[in-house]
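Coordinate analysis (summary)
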Protein chains: 2
Amino acid sequence: MAHPQETFSRTSFPSSSFISRRRQVVYENTLLYQLNVLKTTGRYEAFKLEWHPTYDDKPNVWPVPNHLFWDSDVAKWIEGACYFLQWRNNAEIDAAVKELVEMIRSAQQPDGYLNIHFTVVEPAKRFTNLRDLHELYNAGHLIEAALAHSQHYQNDLLMEPILKYVDLLYKTFGPGPEQKHGYPGHPEIELALLRLYTKTKDPRHYAFGRYFIEERGNPKGQYGHHYYDVESEARGESSNERPVYLPASQSYWYQQAHVPIVDQHTIEGHSVRAMYLLTAVADLVRMEGTDVSNPKLDALHRLWSNMVDKKMYLTGGIGAMKQWEGFGIDYFLPSGTDEGGCYAETCAAIGVMMLAERLLQLELDRKYADILELCFYNAVMTGMSVHGTQFTYVNQLASSESDLSKRAEWFTCACCPPNVTRLLGYIGGYLWTSNLVDQRLAINVHMYSSAKLAIPIGDSTVEIEQKSNWPWEGKIQFALRNTSAAPTTIRLRIPGWATQWKISPAPSSTELVNGYLTLSPEWLQANPSFELDIPLQPRYISPHPYTNQDIIALARGPLVYCLEDVDNPWVNDHFKGLVLDPAGTINEIPASIPGAEEPYIGLTALNAASFVKTDSGQSPHRPPEYITIESTEEVKELHFIPYALRDNRGGRGQMRVGIRRKH
Amino acid sequence: MAHPQETFSRTSFPSSSFISRRRQVVYENTLLYQLNVLKTTGRYEAFKLEWHPTYDDKPNVWPVPNHLFWDSDVAKWIEGACYFLQWRNNAEIDAAVKELVEMIRSAQQPDGYLNIHFTVVEPAKRFTNLRDLHELYNAGHLIEAALAHSQHYQNDLLMEPILKYVDLLYKTFGPGPEQKHGYPGHPEIELALLRLYTKTKDPRHYAFGRYFIEERGNPKGQYGHHYYDVESEARGESSNERPVYLPASQSYWYQQAHVPIVDQHTIEGHSVRAMYLLTAVADLVRMEGTDVSNPKLDALHRLWSNMVDKKMYLTGGIGAMKQWEGFGIDYFLPSGTDEGGCYAETCAAIGVMMLAERLLQLELDRKYADILELCFYNAVMTGMSVHGTQFTYVNQLASSESDLSKRAEWFTCACCPPNVTRLLGYIGGYLWTSNLVDQRLAINVHMYSSAKLAIPIGDSTVEIEQKSNWPWEGKIQFALRNTSAAPTTIRLRIPGWATQWKISPAPSSTELVNGYLTLSPEWLQANPSFELDIPLQPRYISPHPYTNQDIIALARGPLVYCLEDVDNPWVNDHFKGLVLDPAGTINEIPASIPGAEEPYIGLTALNAASFVKTDSGQSPHRPPEYITIESTEEVKELHFIPYALRDNRGGRGQMRVGIRRKH
């Protein structure tokens, strides 16, 4: 079973593209910038198990110590670093990885335990709070780091201690009478264990990942009660004592543990937890095989549909609720803080990509790839500045005085920056997938760029190369070089938003199957070079009417656009009162982010602006005649920039994606 | 200083009107119905201080025992009963009041303490949790009951023990070094003490009410810390232990105690608490006099404006947030549960009326009276069924599957039903206010009905009578009978929504001052009978555009209308997808609630219905062309009924006030 974290190495980026430039920035700037932050904040040396002053700090969010995730911050940095080293060596990064691995090895306890906080600060509290205290989450990221490390370095220096740690955990947690029937509050180890199994083929790794998934939400799992209830009581907590992210006692929907997954009907709770969990469930379904009906697959489909149809923002972002960093009710999707909230955590959109990729492996359907691409080019890529040294955690669709559209240099809870970094390390594994069955090769192209895929078949290699200026231009030239004996089929995704598209030469059939166009081995033999042309033009998008937001946003290709004050300096109210006329002319303006040589297409709407004005004379009522739309002579042009490229040019941090629509 | 709870007795309702019929229902049905509920639930006998099985129950909302408010349920019933007895005797009600007073007298402790829970259940915990446990709230309602009792019965049987209790409280709480510097979590006693002062003229009662108001929110009030922090620590609570209605530690905005009132800039927290508090502040401002600028008055104006302009529903209801039964952020006003929430507690709208009446006394401005009337005829009157035996607590503007538009017979927290009852007992005090200064009488008419006001001046009486079919018809006939020597000025409120109005005979000037028309003594002498005609016709109202709700609701006069499934049986989605064309014809249809002889004007919109349909094909995006408005042949008529009269005719509980607007 293939994972993008392995297959990415078959993809190279021979010429400049949006994706290659993002990778270049990470390689040149971000990895070293993050390494420096790890060092200055104390994370780098934390596996030396020495006391750090921050261990004394009161938690920002009780009961989670501020340093609790340091293990995973380091692990994710190592993982991303190894993906990039696999592409191109770098002495400084390589030295840091080696030094970190040494420290991790030295931090392991004799019984295999490997965790900073519960060794240095609270050694007696090991495994006493799975619900809140991220032990297994940290372990999962260490597993993923070990997989990346061993894949690049081809040695077991990190894998060895991690396997020993997994052995300890496998003894501790499980269905046996002497075991704890627990499962992580923050899913991550499940997907890590299943990936570990694909490498080690050790059936215990498979069983362990499966156990965590299937035990989750068992209402009687421990002593006839819910594990988290028992665990909490054992900690001596009163039932009215709870973290701020749990609105009431036993809010186990927060971690998708309120009922077993197969009984969950809507997607709830913390978004990142949900995505990591469902990604693991999808891998488990893949491993179980899809020959027979599988309630877990039904659950995946149900929860995916609920999320995409009713709980996803225009940018692909998920999570409206700040309190629990997660999903609200159906259709509750306000644009920003002063309209009811908007969270859309960067890690969560990365999680959507992970899940979409897995679902795409289970079923080749463009609906998954459309979302994957939507998230990548919007809710994920907005998470990093063009220079790769500033990040976002929360990605609102409209700014406000209390929450400006601005990135930050780091975060106390630093999960997002290294998540973006490692994603860009193995992004090649998302562009396309391939499988070889009965000596027949199928290549499914999901994302467009300038990239080359090389698949070894026996002594030969099948190479497919695409050249394009995606996402700015929609013309992609393909060349297939197949010296093997394997007949090769190529399926090309035609995005759902593409109103027109053309293949040249013309294929025998342009019928799409679940949004993919099939190019047969025979046709490809005759036409090893071909071109797909998807004209990219501005279009309007809106959320569902039940969101009660009568707004339109501009999109072009996979990109969603926004207004920023930098281009529209007249703004003073975060574009709240602006009314956009969809009948206005839209011009495409090639531009570039100054100082970064990052080209983009700006969109300018001409004579499309007016403003809503309301008399307050009859509060709380506004008779409709009191609500007027006033056109303006001042604002003749509205300049839009891709949401992913916002906040790269200074400004006051005023931004909005969806604008009030003019009727 | 006059209060409506005293002045109401000057108002009589000689002929049938909406208000008189509501009062009749309360007198004939509701008081006895509520008395029976008091008896069957255990409240009636609770002042006998015997154990009741419910005292063992786990609280629905920790830490508030379910029976904690029983004192105030009884007190409010007594209060309402006395107002009605003052109008018309009733042997059963009278006997019950007397018996209850006996039990209350017998429940008083030797030191004056008088509280059911903290005598029977937790006597050692007296005064240890002002933040959550309603001791002073209960005491305040007992004071109000004593005032009503003594006003009707003209004896001190209830006043005596209450004054003794107040003495104990006055010793316990205050600024002195040996005193507790606390103040109630739920304001109520402040307004009760100030009313008590107007009767007793005991300066301690004034000082006590003032102390509670001014000490509130003092960040260093007790031992250099916030009183609630100190109190909580003394209880041994961890800082992570808190009720579900407090989203985080020290959420003192919930009870408007985060900072002193004069420093509060927006209205926050639990709505009823806010209204009772500000009502008391307004009384304090009245007592302090308005000659000099008063920061408390500035705060009142600020908070009132914030509430009415940005945090009030079309019905006058306040409070969007269920979690804390109170205010959300500016402009966050979803219609119902499945759109983000809607609370609009009945008691809170009554509180708005109380505050509006006080502000009207400070400043004769129709903006206060418009809100007072809006609340009365919508958010308050919707709280009781036409037969007076079913009630609402929460008053949403749209139903949903989880929260149907249905009243209930009672509530565990039973504050709303007796609040409606007692309000209708003294409603006469809201219709008009009067003052006699230098032997000149001014009568300000705020609400219209059929009613008579009799003001004794020396040996004479000035009588003003209004006759109308308000709120169904807008023609009001007035007759002034002034046998006194006092020149009498009448000011008539012209509602803000009145597009036309006419006085006949024509007065010399029709200039309004703050929305009131002044009729001079000279003119009245020449025209003691006159008529005000305010044509009532249907009109549309909307919320502010920043609520992001592009909806229109129908209104006529002071009434806001809604759709119910009873009249529109085709509905199956709580009118969520319905689109209303404001250009459609509206017919007025006289109707009556069957079995209740309660007439009303229904409104029927002809050929005004269509439905929004959305294709989900590009989730999360809906290209605008995917959102279609489909007209329908089936639904030719939409039948609206006043929101106050909903759920009186059976049905499935599907209801909506504001409908999606057709452009």
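The structure presented is a predicted model; accordingly, all values stated were derived computationally and were not measured.

Quick notes on the layout of surface pockets
Where empty space is left becomes clear once a probe the size of a water molecule has been rolled over the atoms. There is about 1000 Å³ of room inside the second largest pocket. Along its surface, the second largest pocket is lined by 47 residues, and Asp550 and His663 of chain A together with Asp550, Arg661 and His663 of chain B are the ones closest to its centre. Secondary-structure elements contributing two or more residues to the lining of the second largest pocket are β15 (578–580), β19 (627–631) and β22 (659–661) of chain A together with β21 (627–631) and β24 (659–661) of chain B. Taken together, the residues that form the lining of the second largest pocket break down as 21 nonpolar, 12 polar and 14 charged.

Concerning empty space enclosed by the protein
All told, the structure shown has 10 cavities of 30 Å³ or more when counted by the stated rule. Space inside the largest cavity adds up to approximately 250 Å³. Glu339 and Thr547 of chain A together with Phe332, Thr547 and Asn548 of chain B are, among the 22 residues lining the largest cavity, the residues nearest its centre. Per-class residue counts for the lining of the largest cavity are 10 nonpolar, 6 polar and 6 charged. Along the wall of the second largest cavity there are 18 residues; nearest its centre are Met312, Tyr313, Leu314, Leu333 and Pro543 of chain A. Ranked by residues supplied to the lining of the second largest cavity, first place goes to helix α12 (residues 295–310) of chain A with 3 residues.

A short note on the confidence of the model for chain A
Per-residue confidence for chain A gives a mean pLDDT of 96; residues scoring 70 or more make up 100%. Overall fold confidence (pTM) sits at 0.95, and the ipTM for the predicted complex is 0.92.

Section: helix α12 (residues 295–310) of chain B
All names here are of chain B. Relative to the 22 Å expected for 16 residues at 1.5 Å per residue, α12 spans 22 Å between its end C-alpha atoms, a close match to the ideal helical length. Lys296, Leu297, Ala299, Leu300, Leu303, Trp304, Asn306, Met307 and Val308 are the residues of α12 that are buried. Where α12 is buried, its residues touch α9 (203–215), α11 (271–288), β3 (326–327), α13 (346–362) and α14 (366–380). Among the residues of α12, the N-terminal cap falls to Asn294, whose side-chain oxygen and the backbone nitrogen of Lys296 are separated by 2.9 Å.

Concerning the relation of the copies chain A and chain B
Turning chain A through 180 degrees and shifting it by 0.0 Å along the axis lays it on chain B, with an RMSD of 0.0 Å. What the rotation and shift describe, once combined, is the action of a two-fold rotation axis. Taking C-alpha positions as reference, the residue of chain A nearest the rotation axis is Glu241 of chain A, located at 1.9 Å. Mapped onto chain B, 100% of the interface residues of chain A again fall at the interface, so both copies present the same surface.

Points about the side chain of Thr315 of chain A
Considering the arrangement of structural elements, one finds Thr315 of chain A in the loop between α12 and α13 (346–362). Excluding residues that lie within four positions of it along the chain, Thr315 of chain A makes contacts with Leu374, Cys375, Asn378, Ala379, Leu397, Val560 and Tyr643 of chain A.

Brief notes about the sheet that holds strand β8 (residues 502–504) of chain A
Pairing is antiparallel across the open sheet formed by 6 strands, whose spatial order is β1-β4-β5-β6-β11-β8 (chain A). Edge positions in the open sheet fall to β1 (11–12) and β8 of chain A, since each of these has one partner strand only.

Digging into the pairing of strand β2 (residues 432–437) of chain A
Residues and elements named next belong to chain A. Bridge analysis of β2 against strand β3 (residues 440–445) gives 6 bridges, and the strand direction is antiparallel. Directly across from Asn435, in β3, lies its bridge partner Ala442. Between β2 and β3, which pair antiparallel and follow one another directly, the connecting turn spans 2 residues, one of which, Asp438, has a positive phi of 50 degrees.

Observations regarding the packing of aromatic side chains
Applying the stated rule across the entire model yields 73 aromatic pairs over all chains. Ring centres of Phe376 of chain B and Tyr377 of chain B lie 5.0 Å apart, and the angle between their planes is 80 degrees; on these two criteria the pair is classed as edge-to-face. Of the residues examined, Tyr377 of chain B reaches a relative accessible area of 0% and is grouped as buried. By way of ring pairs, the aromatic residues Tyr113, Phe127, Tyr165, Tyr170, Phe173, Phe208, Tyr211 and Phe212 of chain A are connected into one cluster. It is Lys576 of chain A that lies over the ring of Tyr546 of chain B; its NZ or CZ is 5.1 Å from the centre. Geometry around Tyr44 of chain B places Lys39 of chain B over its ring, the cationic atom sitting 4.8 Å from the centre.

So, the interface of chain A and chain B
The partner chain B presents 56 residues to the 56 residues of chain A that form the contact. For the pairing of chain A and chain B, the buried interface totals around 4400 Å² over both sides, and the portion due to carbon and sulfur atoms is 54%. Our enumeration of links across chain A and chain B arrives at 0 salt bridges. Summed over the shared surface of chain A and chain B, the result is 19 residue pairs in polar contact (both at pLDDT 80 or more). Elements represented by at least two residues in the side of chain A that touches chain B include exactly α12, α14 (366–380), β12 (538–541), β18 (609–614) and β22 of chain A. Tallied by class, residues from the side of chain A that touches chain B come to 26 nonpolar, 17 polar and 13 charged.

Digging into helix α4 (residues 91–107) of chain B
Residue and element names in this part refer to chain B. The end-to-end C-alpha distance of α4, which contains 17 residues, comes to 24 Å, matching closely the 24 Å that a straight helix rising 1.5 Å per residue would cover. Considered for burial, the residues of α4 that qualify are Ile93, Asp94, Ala96, Val97, Leu100, Val101, Met103, Ile104 and Ala107. Against α2 (18–41), α3 (70–87) and α6 (135–153) lie the buried residues of α4. Here α4 starts with a cap whose side-chain oxygen sits 3.0 Å from the backbone nitrogen of Glu92, and that cap is Asn90.

Rules of the game
- Residues numbered from 1 in each chain as written.
- Chains lettered and ligands numbered in written order.
- Predicted model: local features only at pLDDT ≥ 70, side-chain atom pairs only at ≥ 80, totals over all residues.
- Heavy atoms only, no water.
- 1 Å grid on protein atoms, 1.4 Å probe; cavity = no way out; pocket = protein on both sides within 12 Å on 5 of 7 lines; lining within 4 Å.
- Points joined across faces, edges and corners; volume = space filled by probe spheres on them.
- Helix = DSSP H or I, 4+ residues; strand = E, 2+ residues; numbered from the N terminus.
- Nonpolar A, V, L, I, M, F, W, Y, C, P; charged D, E, K, R; others polar.
- pLDDT = per-residue confidence, 0-100.
- Expected span 1.5 Å × (residues − 1).
- Buried < 20%, exposed > 50% of the residue type's maximum accessible area, 1.4 Å probe, protein only.
- Contact = heavy atoms within 4.5 Å.
- Polar contact = N/O pair within 3.5 Å; in protein donor to acceptor, adjacent residues only side chain to side chain.
- Least-squares fit on C-alpha atoms with pLDDT ≥ 70 in both.
- Pairing = 2+ DSSP bridges.
- Phe/Tyr/Trp six-rings, centres within 6.5 Å; stacked < 30°, edge-to-face > 60°.
- Lys NZ or Arg CZ within 6 Å of the ring centre and 35° of its normal.
- Buried area = accessible area lost by both parts, 1.4 Å probe.
- Salt bridge = Lys/Arg side-chain N within 4 Å of Asp/Glu carboxyl O.

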